[in-house]
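Spelled out, the chains give:
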Amino acid sequence: MSADQGSGSGDDARGPGSAADAIRRYAPMVYGPTAIYSLGQGAILPLLPIISREFGADLATAALVTAMIVVGQLCGNLPAGWLVPRLGERYTMALASAVSLLGIAGMLLSRHLGVLMLSVFVIGLSAAAFALARHMFMTTRVPVAYRARSLSLLGGSFRLGAFTGPFVSAALLAIFGREQASIWFFGACLVVVGLLVTFGPDPEEKAAAAARAERTAQREEAVEPEDTGEAVTGSIPTSERLGIFGTIRSNRGVLSRLGVAAASLSFVRASRPAILPLWGLSIGLDSSTIALIVGIAGALEFALFYASGQVMDRFGRLWAAVPSLILMGGAMIALAFTHDVSAAEMWFGVFAVVIGVGNGLSSGILLTLGADVAPKQSPAAFLGAWRTITDAGGALSPLVVSGLTAVASLSVAAGGIGVIGLLGALAFIRWVPRYVPRR
């Protein structure tokens, strides 16, 4: 595997006052709102099936209510790609927080299952706009030399909420005894996020001002501007010439090849929370043991998110994507042969940990590859399409697991997911060197 991106040593030479230094200085404003937003959302996700049952939903309908978050994100990516370059990153995030509050109000006031589903869908739409706005900022502002580390930290911010949110909701349930407490908590998080992005220091403006100052200093010294690896050093685009569908048409090659490879990684990732709990139940483990094993795997996954960025920046994108898919895909295939062995419980724990390590090594890779191949003239529209493809891979995974388990067995489902993972690794090896230039 080639080092398709250069090492991160180039950023060490960037002095105080540079755009890179400005981003580092305002890192709390870059990552803080994302972590708070994802924490609030992570607190309500485990409770959506329970809230749905209170409205009289059966199990299938309760699962559909939970899935409306993902459906909203899928439907919101392309409109967000249109919105972000027109409003800017800061105001898009503020608007997304405000619209999410409408979804929260609908959840709290609704007395009908349809209203609850619509409210969850609105929250998913807003989450798509929020995530794409931050992805756009990192794409256009962060120097390539440490882009992967920055985006892995962004991915870690999202994972922080998914990891800690259920603990927050459990604590709120213990204190207040009502699921609505977590909804109020998410609402409070949204208010904090809205205030931060509206009235706090704007990293976008600071980075743009620092970049302009760098160029002015270089012109005054009459030297050729250094190749700093910045994707965009001017202002973030306020309009995009090609539009959403024009951008998709002009980039259909990379979207249909590297995008599909990225979707395979998202597919395998999303299978983990569907496969592992079902596997534990099928081999006779109790709920507390399953939760412990899955929790240990999740902790390892979360602990490795920054290591993934280090690997990508220093050795190349392939050195994170391919080992990740090999670990997860290989572990799924191996797991498929252990269901009826005498040490099934031990192998379940071993392969759950391996899958968690593989998932941790992939942190930020989809964000980073999207930023790597996004065209400079229309990055937001491209990222909207990129995120739609990768989110679709994740949304399809539970359906495939359910279908294969119904028509065959859980072992076949695990093996099928593993095969897709290994095919995805081959696709990355084929397409990353072509579309992500070696530096």
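Each remark here, short or long, concerns the structure printed above.
What you see is a predicted model; the values in this text were computed from it and never measured. Position labels on residues start from 1 in each chain and follow its written sequence. For this predicted model, a pLDDT threshold of at least 70 governs which residues receive local features, and a threshold of 80 or more governs which side-chain atom pairs are given and counted, while totals over whole chains, interfaces and linings are taken from all residues. Only hydrogens and water are set aside; all other atoms, that is, all heavy atoms of the structure, feed into the side-chain values.

Some points on the packing of aromatic side chains
At step 1: Centre distance within 6.5 Å is the pairing criterion for rings of Phe, Tyr and Trp, where only the six-membered ring of Trp is used; planes under 30 degrees apart are then read as stacked, over 60 as edge-to-face, and the remainder as tilted. Across all of its chains, the model carries six aromatic pairs by this definition.
At step 2: Geometrically, the ring pair formed by Tyr-37 and Phe-186 is edge-to-face, given 5.9 Å between the ring centres and 85 degrees between the ring planes. Of this pair, Tyr-37 sits in helix α2 (residues 27-44) while Phe-186 is found in helix α8 (residues 180-199), placing the two residues 149 residues apart along the sequence. In this structure, Tyr-37 and Phe-186 share a single accessibility class: buried.
At step 3: Taking 6.1 Å as the distance between ring centres and 40 degrees as the angle between the ring planes, the aromatic pair formed by Trp-431 and Tyr-435 counts as tilted. The secondary structure listing takes helices from DSSP runs of H or I that are at least 4 residues long and strands from runs of E that are at least 2 residues long, numbered from the N terminus. Three labels apply to residues, based on accessible area from a 1.4 Å probe with only protein chains included: buried if under 20% of the type maximum, exposed if over 50%, partly exposed otherwise in between.

Thoughts on the pattern of salt bridges
At step 1: Only one rule defines a salt bridge in this text: a Lys or Arg side-chain nitrogen within 4 Å of an Asp or Glu carboxyl oxygen. Enumeration according to the criterion identifies seven salt bridges in this entry.
At step 2: Arg-147 serves as the salt-bridge partner of Asp-372, at 2.8 Å between the closest nitrogen and oxygen. Residue Asp-372 is found in helix α16 (residues 365-373), and its partner Arg-147 is found in helix α7 (residues 147-176); the two are separated by 225 residues along the sequence.
At step 3: Here Arg-147 falls in the buried class, since its relative accessible area comes to 4%.
At step 4: One salt bridge in this structure joins Glu-301 and Arg-272, with 3.2 Å as the shortest N-O distance. One end of the pair, Glu-301, is in helix α12 (residues 287-303); the other, Arg-272, is in helix α11 (residues 252-282), with 29 residues separating them in the sequence.
At step 5: Taking relative accessible area as the criterion, Arg-272 reaches 14% and is therefore assigned buried.
At step 6: Here the residues in one salt-bridge network are Arg-147, Arg-149, Asp-313, Arg-317 and Asp-372, joined through shared partners.

What to know about the environment of Cys-189
At step 1: Mapped onto the elements, Cys-189 comes out in helix α8.
At step 2: You can call Cys-189 buried: its relative accessible area is 7%.
At step 3: Residues Cys-189 and Ala-35, spaced 154 residues apart in sequence, show a C-alpha to C-alpha distance of 9.8 Å.
At step 4: In contact with Cys-189, not counting residues within four places along its chain, are Ile-36 and Gly-40. Residues are treated as being in contact if the distance between any of their heavy atoms lies within 4.5 Å.

Section: the side chain of Thr-140
At step 1: Here Thr-140 shows up in helix α6 (residues 113-141).
At step 2: By relative accessible area, which is 1% here, Thr-140 ends up buried.
At step 3: A polar atom in the side chain of Thr-140 sits 2.9 Å from the backbone oxygen of Met-136. Polar contact is defined as a pair of N or O atoms within 3.5 Å, subject to the rule that within protein one atom must be able to donate a hydrogen and the other to accept it, and that residues adjacent in sequence are counted only when both atoms are side-chain atoms.

Structural notes on the nonpolar core
At step 1: Buried Ala, Val, Leu, Ile, Met, Phe, Trp, Tyr and Cys residues that are joined via side-chain atoms within 4.5 Å together make up what is termed a nonpolar core. Met-107, Val-120, Leu-258, Ile-275, Phe-382, Trp-386 and Phe-428 are the most contacted members of the largest nonpolar core, which has 88 residues in total.
At step 2: Not counting the four nearest positions on each side in its chain, Leu-258 is found in contact with Val-373, Trp-386, Phe-428, Trp-431, Val-432, Tyr-435 and Val-436.
At step 3: Grouped together as the second largest cluster of nonpolar side chains are 10 residues, Tyr-31, Phe-137, Met-138 and Leu-151 included.

A look at the side chain of Ser-110
At step 1: Within the fold, Ser-110 resides in the loop between α5 (89-109) and α6.
At step 2: At 3.4 Å, the side chain of Ser-110 forms a polar contact with the backbone oxygen of Met-107.

Section: α7
At step 1: Take the residue count of a helix, subtract one, and multiply by 1.5 Å to get its expected span. When the terminal C-alpha atoms of α7 are compared, their 42 Å separation across 30 residues agrees well with the 44 Å that a helix rising 1.5 Å per residue should span.
At step 2: Along its length, α7 shows its largest kink, about 35 degrees, at Thr-164, and proline Pro-166 lies within four residues downstream of that point.
At step 3: Looking at the residues trailing α7, positive phi occurs at Gly-177, about 75 degrees. Values of bend correspond, residue by residue, to the angle between axes fitted over the seven residues ending at that residue and the seven starting there.

Some remarks on a nonpolar patch on the surface
At step 1: Two distance rules govern patches: like charges are joined within 9 Å, and nonpolar side chains (Val, Leu, Ile, Met, Phe, Trp, Tyr) within 5 Å, applied only to residues with over 30% relative accessible area and no salt bridge. Values of accessible area rely on a 1.4 Å probe in the Shrake-Rupley scheme; residue burial ignores everything except the protein chains shown. On the surface, Leu-101, Val-191, Leu-195 and Phe-199 cluster together into a nonpolar patch covering about 390 Å² of accessible area.
At step 2: Take Phe-199: it is sitting in helix α8.
At step 3: Relative accessible area serves as the criterion here: at 67%, Phe-199 is assigned to the exposed category.

Focus: the environment of Ala-331
At step 1: Mapped onto the fold, Ala-331 is located in helix α14 (residues 318-336).
At step 2: Since its relative accessible area comes to 3%, Ala-331 is described here as buried.
At step 3: Among residues more than four places away in sequence, those in contact with Ala-331 are Ile-326, Phe-351, Val-354 and Ile-355.

Let's talk about the packing of α14 against helix α18 (residues 410-435)
Each pair of packed helices gets described by two things: the angle between the helix axes and the distance between those axes.
At step 1: To obtain an axis, a line is fitted to C-alpha atoms, over the contacting stretch when the element is a helix, and the angle between two such axes runs from 0 to 180 degrees between their N-to-C directions. The N-to-C vectors of α14 and α18 enclose an angle of 160 degrees; their axes lie 7 Å apart at closest approach. Accordingly, the angle class assigned to the pair α14 and α18 is roughly antiparallel. For α14 against α18, the interelement crossing comes out left-handed.
At step 2: Charged means Asp, Glu, Lys or Arg here, nonpolar means Ala, Val, Leu, Ile, Met, Phe, Trp, Tyr, Cys or Pro, and polar covers whatever is left, Gly included. The residue makeup of the contact of α14 with α18, split by class, is 17 nonpolar, seven polar and no charged. Just so you know how the angles are binned, under 35 degrees is roughly parallel, over 145 roughly antiparallel, 65 to 115 roughly perpendicular, and the rest oblique. Should the near helix be turned anticlockwise from the far one by less than a right angle, the crossing is left-handed, and should it be turned clockwise, the crossing is right-handed.

Considering the environment of Met-93
At step 1: Along the chain, the position of Met-93 falls in helix α5.
At step 2: When the C-alpha atoms of Met-93 and Gly-194 are compared, they prove to be 7.5 Å apart, with 101 residues separating the residues in sequence.

A short note on the packing of α7 against α8
At step 1: Viewed as axis vectors pointing N to C, α7 and α8 meet at an angle of 125 degrees, and their least axial separation amounts to 8 Å. Between α7 and α8, the interaxial angle falls into the category oblique. For the pair α7 and α8, the sense of crossing is right-handed. On the side of α7, the interface is formed by Val-168, Ser-169, Leu-172 and Phe-176, while α8 contributes Ala-181, Ser-182 and Phe-185.
At step 2: Of the residues belonging to the contact of α7 with α8, the class tally is five nonpolar, two polar and no charged.

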